[in-house]
Amino acid sequence: MSMEAPPARILVVDDDPTVSEVVAQYLRRAGFAVEEAGDGPSALDLAGRARPDLVVLDLMLPGLDGLEVCRRLREAGPVPVIMLTARGDEDDRIAGLEVGADDYVTKPFSPRELVLRVSSVLRRSRAAGPVGVPRVLAGAGLALDPATHRATKDGRELTLTLREFDLLAHFLRHPRRAHGREELMREVWGWDFGDLSTVTVHVRRLRAKVETDPGRPRLIQTVWGVGYRFDPMGADSTVADSTSAGGAEPDDAGPDDAEWAGTGEPA
């Protein structure tokens, strides 16, 4: 007789009881087991007693803010985090992604959208890969094992978030091919909508971990007007040289920045 898997445990952390109650209600209706915390210390205490499968974390918490809570959660072990941020606070959203949040949703938000985001992040975190024994992905001194979710560079362990691991795996599966940001958002994370600057942040974070000199990337190259290309040979090329010589990439500054970052989240 088969036994059903227990529902995923979601920890909702928000100091606004109304927001917390509404989010928890929608998540419970979707079949999740939900715990609530109104501040950072309470959240860390609950997570320490029983590790959640995912944390929905408000950025603007009193005392111990969401960024510090996220850091401490990550220090204790891998756990997917969806950050709740105020609409228009781009710096805060970027900061959340920089400390390892897997996704963010801006306030005010649709609870149904949040449930979809939770399901998407959990699906990716639990993905077992292709049928059969997943092969180790390798190139440019990098090795990724989808079965153990372990990544190394030149034998040294890499600490990658779920999003970073999936992004690097996609690059290793498709070397020397140019990928647009919309394509990466769709193919890597299964999103048909969202803020394209999310991809920019994850690429930047990944470069910081796999490139010898993140300021002059040779593995993850910018393809101007398109997106990114992974070159396992790290060869000097016109694309790579133009990326490093000018300093800023089109996703970091300049006219193209408005084009890439202008896609807003749906309300």
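Up top you'll find the structure we're talking about.
Rules used in this analysis
- Residues numbered from 1 in each chain as written.
- Predicted model: local features only at pLDDT ≥ 70, side-chain atom pairs only at ≥ 80, totals over all residues.
- Heavy atoms only, no water.
- Buried < 20%, exposed > 50% of the residue type's maximum accessible area, 1.4 Å probe, protein only.
- Helix = DSSP H or I, 4+ residues; strand = E, 2+ residues; numbered from the N terminus.
- Pairing = 2+ DSSP bridges.
- 1 Å grid on protein atoms, 1.4 Å probe; cavity = no way out; pocket = protein on both sides within 12 Å on 5 of 7 lines; lining within 4 Å.
- Points joined across faces, edges and corners; volume = space filled by probe spheres on them.
- Nonpolar A, V, L, I, M, F, W, Y, C, P; charged D, E, K, R; others polar.
- Axes fitted to C-alpha atoms, helices over the stretch in contact; angles between N-to-C directions.
- Parallel < 35°, antiparallel > 145°, perpendicular 65-115°, else oblique.
- Contact = heavy atoms within 4.5 Å.
- Phe/Tyr/Trp six-rings, centres within 6.5 Å; stacked < 30°, edge-to-face > 60°.

*Asks:* What exactly am I supposed to notice about the pairing of strand E11 (residues 220–223) here?
*Replies:* Here is the key point about a regular strand: its side chains alternate between the two faces of the sheet. The two faces of E11 match: Ile220 and Thr222 on one face and Gln221 and Val223 on the other face are all buried. Bridge analysis of E11 against strand E12 (residues 227–230) gives four bridges, and the strand direction is antiparallel. Each residue of the ladder has a partner; that of Ile220, found in E12, is Phe230. Connecting E11 to the next strand, E12, in antiparallel fashion are three residues, including Gly225 with a positive phi near 80 degrees.

*Asks:* Would you take a moment to explain the layout of surface pockets for this structure?
*Replies:* In this approach a probe as big as a water molecule rolls over the atoms, and the regions it shows empty are the leftover space. Counted as a void, the largest pocket has a volume near 570 Å³. Around the largest pocket, the lining is made up of 25 residues, and of these Arg74, Pro78, Val79, Leu160 and Leu162 lie nearest the centre. Listing elements by their share of the lining of the largest pocket, those giving two or more residues are helix H5 (111–126), strand E8 (150–153), helix H6 (162–173) and helix H8 (197–210). Of the residues that constitute the lining of the largest pocket, the class distribution is 10 nonpolar, six polar and nine charged.

*Asks:* Help me understand the environment of Asp145, please; the structure alone is not making it clear to me.
*Replies:* Its location among the elements puts Asp145 in strand E7 (residues 142–145). Along the primary structure Asp145 and Arg135 are separated by 10 residues, whereas in three dimensions their C-alpha atoms are 7.0 Å apart.

*Asks:* I tried to follow the packing of H6 against helix H7 (residues 181–189) on my own but got confused; where do I start?
*Replies:* When two helices pack together, you describe them by how their axes are tilted relative to each other and by the distance separating the axes. The interhelical angle for the contact between H6 and H7, taken along N-to-C directions, is 105 degrees, at an axis separation of 10 Å. Our classification of the angle between H6 and H7 gives roughly perpendicular. Here Arg163, Asp166, Leu167, His170 and Phe171 of H6 lie close against H7, whose contacting residues are Glu183, Leu184, Glu187, Val188 and Trp189. Tallied by class, residues from the contact of H6 with H7 come to five nonpolar, one polar and four charged.

*Asks:* What is the right way to read the pairing of strand E5 (residues 103–107) from this model?
*Replies:* The buried count for E5 comes to four of five residues, which makes it a mostly enclosed element. Inspection of the sheet shows strand E4 (residues 81–86) paired to E5 by five bridges, in the parallel sense. Across the sheet, the residue bridging to Thr85 is Thr106, located in E5.

*Asks:* Please clarify how the packing of aromatic side chains should be interpreted in this entry.
*Replies:* The way to describe two aromatic rings as a pair is by their centre distance and the angle between their planes. Applying the stated criterion to the full structure yields one aromatic pair. Ring centres 6.2 Å apart and planes at 15 degrees place the aromatic pair Phe171 and Phe230 in the stacked group. Here Phe171, found in helix H6, pairs with Phe230, found in strand E12; they are 59 residues apart in sequence, far enough to count as distant. By relative accessible area, Phe230 is classed as buried at 1%.

*Asks:* What's the story with the sheet that holds E12 in this structure? I'm lost.
*Replies:* As a general point, the strands of a sheet are linked pairwise by backbone hydrogen bonds and lie either parallel or antiparallel. On the basis of which strands lie adjacent, the open sheet formed by three strands has the order E10-E12-E11 and antiparallel pairing. Looking at the sheet topology across the chains shown, the edges are occupied by strand E10 (178–180) and E11. Recorded for the sheet is a direction-independent mean angle of 35 degrees between the axes of neighbouring strands. The strands that H7 touches are E10 and E12; relative to E10, the one it contacts most, it runs at about 85 degrees. Sheet contacts for H8: E11 and E12; angle to E11, the most-contacted strand, approximately 145 degrees.

*Asks:* Where do I start with the sheet that holds strand E9 (residues 156–157) in this structure?
*Replies:* The strand order E6-E7-E8-E9 describes an open sheet built from four strands, whose pairing is antiparallel. What marks the edges here is a single partner per strand, and that holds for strand E6 (137–139) and E9. Strand direction decides the pairing type here: E6 and E7, joined by three bridges, are antiparallel. Bridging from a neighbouring strand, Gly139 pairs with Leu142 of E7. Across the sheet, H6 is in contact with E6, E7 and E8; its angle to E7 comes to roughly 115 degrees.

*Asks:* So what exactly am I meant to see when it comes to H7 here?
*Replies:* Spacing of three or four residues puts side chains on the same side of an α-helix, whose turn is 3.6 residues. Arg181, Glu183, Leu184, Met185, Val188 and Trp189 are the residues of H7 that are buried. One or two positions beyond H7, positive phi appears at Gly190, with a value near 75 degrees.

Coordinates in, geometry out; function isn't part of it.
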